[in-house]
Amino acid sequence: MAQSEALVKTLKQALKARGLTYAKVAAGIKMSEASVKRMFASGHISLQRLDRICALVEIELTDLLRLHEESQHRISHLEEEQEKELVRDPRRLLVAICVRGGWSVADIVEHYDFAETECIRHLAALDRFRIIELLPGNRIRLRVAKDFRWLPHGPIELFFREQAQTEFLGGKFDGEGRYRRYLSGMLSEGSRQLILRKLDELSREFSSHHQQDLALPLEKRMNVGLMFAYRPWEFSLFRKMRRNRQSVDA
């Protein structure tokens, strides 16, 4: 893919993440919707128009270039020993989570009890892990893929399962911007596979929004927890009443 076409693709992803349709773009840059569609379809956008569209998305052109560059050569997971090292040092783990969220050194030092020298020491370790590239002036270039995840059943996933899961689920989920619902039913194999595909799609969409919103200032973003739980299951109190107790997973 040509570099200019890849840049336009990154811009389209940014528009989608912010709910900006071609019609809204057309109104914002005073063009017809049909012309905007042709422009994006061809992949050829002048620098002046590119700059104006970036203004609609509320990002700088340099941010768009960074998003495109960061989409290249990213890692999708760490090695088990690397995860173990992060778990052994929760402060380093916190820095790793912050930089994955697009935080700068100044952001981390302002919000958490870190001296700048300690923060940079942790960043140097993350650079060694290839999670980031530590640039001159202590700037941070993220090097993780959109589908990056902690190792399934690995040290970090186990750490959060033991340390954070109960706290998360024990919180309040009523009120605006919060959602929790427990559903139980008997589904066919086809329905079960359909639900799993939709959960996978939503997971990818969440990751995509996370990546696109890295270009926004920290004050315009909020840390969000999202958990999926899906498996064959029956409440143990009811399972004890079954004649054949082996028929449903514990």
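Figured I'd write up the structure that's included with this text. Computed from a predicted model, the values in this text were never measured in an experiment. (Residues numbered from 1 in each chain as written. Predicted model: local features only at pLDDT ≥ 70, side-chain atom pairs only at ≥ 80, totals over all residues. Heavy atoms only, no water.)

**Here we look at the packing of aromatic side chains**
Here comes step 1: Scanning all chains against the criterion turns up eight aromatic pairs.
Here comes step 2: Plain terms: the ring middles of Tyr182 and Trp233 are 6.2 Å apart, the flat faces sit at 90° to each other, and that makes the pair edge-to-face. Residue Tyr182 is located in the loop between α11 (165-169) and α12 (189-212), and its partner Trp233 is located in the loop between α12 and α13 (236-239); the two are separated by 51 residues in the primary sequence.
Here comes step 3: By relative accessible area, Trp233 is classed as partly exposed at 38%.
Here comes step 4: The structure contains a cluster of three or more aromatic residues connected by ring pairs, namely Tyr182, Trp233, Phe235 and Phe238.
Here comes step 5: In this arrangement the basic side chain of Arg91 is found over the ring face of Phe114, its NZ or CZ atom lying 4.2 Å from the centre. (Phe/Tyr/Trp six-rings, centres within 6.5 Å; stacked < 30°, edge-to-face > 60°. Helix = DSSP H or I, 4+ residues; strand = E, 2+ residues; numbered from the N terminus. Buried < 20%, exposed > 50% of the residue type's maximum accessible area, 1.4 Å probe, protein only. Lys NZ or Arg CZ within 6 Å of the ring centre and 35° of its normal.)

**Overview of the environment of Phe148**
Here comes step 1: The residue Phe148 is located in the loop between β2 (139-142) and α10 (155-163) in this model.
Here comes step 2: By relative accessible area, Phe148 is classed as buried at 4%.
Here comes step 3: Put simply, Phe148 and Arg100 are 48 residues apart on the chain and 10.0 Å apart in space, counted from C-alpha to C-alpha.
Here comes step 4: What Phe148 contacts, discounting residues up to four positions off in sequence, is Ile75, Ser76, His77, Leu78 and Arg100. (Contact = heavy atoms within 4.5 Å.)

**Description of the pairing of β2**
Here comes step 1: Relative to β2, strand β1 (residues 132-135) runs antiparallel, the two sharing four bridges. By the bridge assignment, Glu133 is partnered in β2 with Arg141. (Pairing = 2+ DSSP bridges.)

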